Amino acid sequence: MVNLEWYRTFKSVYKNGNFSLAAKELFISQPAVSQQMSMLEAHVGYKLFIRKSKGVEPTEYAKLLNNLIIEALDRLENVESGFRSKALDANRLITVGVSKHLFTSVGSVLISKFDYIDFSFHENDVLFELVDTKKIDFAIITTKYDTFDTVQKKLGEMKQIIVGSTNIDPIEVHRHIKSNNYDAVENWLNEQKWFSHDSGIPHIKLFWLHVFNKKRPSMVPNYIIPSEYEMLEVLSRNTGIAVTWNLNAKKFITENKLLLLWESSNMPTTTVYLLSAKNTNFNTIVPEIQAELTAVFS
């Protein structure tokens, strides 16, 4: 049976014209090179190399053999190299930055796919700086940055919505929304108990700005829980409403733990990106990570 290592050694000898140089390139001994070439010659039945004072010279049959195998051997070596690279990437520690408010929705997807991940929680600007300086490998962000040293891949879009606990009767507010009676909608919302993940309520202010054209909502949050997903968990077991990303609320709504009170067409979507540095050892798994996370937003 033919040994593929014979052909790999043949390729190196043919290229270098020297058994010693081939041995150095392949990290084997010169006698091992000579032995493999003797065995290959015995297998094919022809002399492949003629020894000279400064190396070896290929015979006509060696030239023919090289033409026949070189393309297939190159493809095989490329497959082997790619497989080793992917195996290395799969077993390396991956460092990923993400907002703590999005971690539960996207982190579990990566955890199910990769064996070693070190997560860190930061907001967009800090995450960009960490990737740009190659202190972390990837970041999930909601701001577009234009630089030469990083790559941003779109993962999808998400939108802020208003959700409520299941013990709230939504009939009245839905009636006001349907009739475009925004004053009545706002009054109803102000009468509810509010949950928020930030005392500055930037997410609620943004919703009020786009939907009611007001910079400041008149409501005050009753409960502030500094993680959006945890806030939704608490809300689902109590009474109240909240502004949240539809991505985070999706599981709660599907499982009938929260009600979708309002998904306003006036509220714009926010694009989510996968940020990575250029020319890193993880370039081969960027498409894999992108595909896994893109599915979250579908």
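Since this is a predicted model, take the numbers as computed values, not measurements.

(A) How the structure looks around the nonpolar core. Counting residues in each nonpolar core, the largest one holds 22 residues, and the members touching the most others are F138, I140, I289 and L293. If you list the elements that add at least two residues to this core, you get β3 (94-98), α5 (103-111), β5 (138-141), β6 (150-165), β11 (269-277) and α12 (286-294). Every residue in contact with I140, bar those within four places of it in the chain, is listed here: V96, G97, V98, S99, V106, L127, L155, V272, Y273 and L293. W188, I204, W208 and W262 belong to the second largest nonpolar core, which has 20 residues in total.

(B) Geometry of the side chain of K159. When you line up the elements, K159 lands in strand β6. One buried charged residue, K159, remains without a salt bridge, the closest side chain of opposite sign being E263 at 4.8 Å. Polar contacts involving the side chain of K159 include one to the main-chain carbonyl oxygen of S264, which spans 2.9 Å. Here the side chain of K159 touches M267 through a polar contact of 3.4 Å, landing on its backbone oxygen. Setting aside chain neighbours within four positions, we find K159 in contact with T244, W245, N246, E263, S264, S265, M267, P268 and T269.

(C) Region of interest: the pattern of salt bridges. For the structure shown, the criterion picks out 11 salt bridges. A salt bridge links E57 to K52; its shortest N-O distance comes to 3.8 Å. In this structure E57 comes out as partly exposed when scored by relative accessible area, which is 39%. Between E186 and K214 there is a salt bridge; the shortest N-O distance is 2.8 Å. On the criterion of sequence distance, the pair formed by E186 in helix α8 (residues 182-190) and K214 in the loop between α9 (202-212) and β8 (223-224) is long-range, its members being 28 residues apart.

Definitions and cut-offs
Residues numbered from 1 in each chain as written. Predicted model: local features only at pLDDT ≥ 70, side-chain atom pairs only at ≥ 80, totals over all residues. Heavy atoms only, no water. Core = buried A, V, L, I, M, F, W, Y, C linked by side-chain atoms within 4.5 Å. Buried < 20%, exposed > 50% of the residue type's maximum accessible area, 1.4 Å probe, protein only. Helix = DSSP H or I, 4+ residues; strand = E, 2+ residues; numbered from the N terminus. Contact = heavy atoms within 4.5 Å. Lys, Arg positive; Asp, Glu negative; His and termini not counted. Salt bridge = Lys/Arg side-chain N within 4 Å of Asp/Glu carboxyl O. Polar contact = N/O pair within 3.5 Å; in protein donor to acceptor, adjacent residues only side chain to side chain.

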